[in-house]
Amino acid sequence: MTELQPIALVSGATRGIGRAIAQGLARQGVKVLLGARNPETGREVAAQISTPEAAVEAVELDTTRQETIDRLAELIGTKYGQLDILVNNAGISLDFYPELSVREKLSRTLETNVVGTAALTDAMIPLLEKSSHGRIVNVSSVLASFASREQADWIYKDVAMPTYQASKAAVNSLTLSYAKLLADKNIKVNGICPGLTATDATNHYGDRKPDQAAKIAIQYALLDDDGPTGTFVNEDGALNW
């Protein structure tokens, strides 16, 4: 990364995998801006995960509210002058909320997972362009893979989460598009799957912990200049689109 302390913004970082990503980056000496919809909660988490080498700073960010994105871009530009790493982690899953109509599930999920990701990315591109080692990491899911669905022995072949899967397929499409658009600016854009992890979002199903899930995101946030762009990976390697 840069010779100076790199600066990272992590959206949706007050709990679960986002918090673990923020903490892991701070442990690597990265100055982390911890995106939080609730500033008070953000400050509490930032204080808990700060390290002597890297103080984590809470910033107000709700990717469904453009005004918070715009204010944050202005703050980063004024205070730091650039951004080195953007981790688009904020996301929701509403498939298992039967009280919601399909229209409400889709509109809310796409607004957060897709529109919010694109809006935040676009706002941060001018700041990432000022870094000589810009990195964008989009948190996706293997459930978005079209090719894997065709495999009879796929571990998730019986999973049907149409709203969530559609939103993450769109995130994958954004990943490929931004990787192409930003290739000549040395901004690497990759999609990662953290795996099924025991968090609030999954009702703490399974025994996989957020720290383990965060490792692949941290790895791609800190890619060397000879690292890939436009890829979709998990901790085991490349994933099928």
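Note that the coordinates shown come from a computational prediction; the quantities given were computed from them, not determined experimentally. (Residues numbered from 1 in each chain as written. Predicted model: local features only at pLDDT ≥ 70, side-chain atom pairs only at ≥ 80, totals over all residues. Heavy atoms only, no water.)

## Some points on unusual backbone geometry
With the exception of glycine, most residues fall at negative phi, and the peptide bonds are largely trans. Its identity as a non-glycine residue notwithstanding, Asn186 has a phi of 55°, on the positive side. Along the polypeptide, Asn186 turns up in the loop between α6 (162-181) and β6 (188-192). Overall, the relative accessible area of 27% leaves Asn186 in the partly exposed class. (Helix = DSSP H or I, 4+ residues; strand = E, 2+ residues; numbered from the N terminus. Buried < 20%, exposed > 50% of the residue type's maximum accessible area, 1.4 Å probe, protein only.)

## A few points about the packing of helix α1 (residues 16-27) against helix α2 (residues 39-49)
In the contact formed by α1 and α2, the axes pass within 10 Å of each other and the chain directions differ by 40°. Considering their axes alone, α1 and α2 lie oblique with respect to each other. For the pair α1 and α2, the sense of crossing is right-handed. In contact with Arg19, Ala22, Gln23 and Ala26 of α1, α2 contributes Val45, Gln48 and Ile49. Split into classes, the residues belonging to the contact of α1 with α2 amount to four nonpolar, two polar and one charged. (Axes fitted to C-alpha atoms, helices over the stretch in contact; angles between N-to-C directions. Parallel < 35°, antiparallel > 145°, perpendicular 65-115°, else oblique. Left-handed = near helix turned anticlockwise from the far one by under 90°. Contact = heavy atoms within 4.5 Å. Nonpolar A, V, L, I, M, F, W, Y, C, P; charged D, E, K, R; others polar.)

## Things to note about the environment of Ser107
Mapped onto the fold, Ser107 is located in helix α4 (residues 102-128). With a relative accessible area of 40%, Ser107 lands in the partly exposed category. Along the chain, Ser107 and Asp184 lie 77 residues apart, while their C-alpha atoms are 34 Å from each other. Engagement of the side chain of Ser107 in a polar contact is seen with the backbone oxygen of Glu104, the distance being 3.2 Å. (Polar contact = N/O pair within 3.5 Å; in protein donor to acceptor, adjacent residues only side chain to side chain.)

## As for the sheet that holds strand β8 (residues 237-238)
Read across the open sheet, the eight strands follow the order β3-β2-β1-β4-β5-β6-β7-β8; overall the sheet is mixed. The sheet terminates laterally at β3 (57-60) and β8, the two strands that pair on one side only. Sheet topology places strand β1 (residues 7-10) next to strand β2 (residues 31-36); four bridges connect them, and they run parallel. In the strand pairing of β2, Leu9 is matched with Leu33. Lying over the sheet, helix α3 (residues 66-79) contacts β1, β2 and β3, oriented at roughly 140° with respect to β3. (Pairing = 2+ DSSP bridges.)

Coordinates in, geometry out; function isn't part of it.
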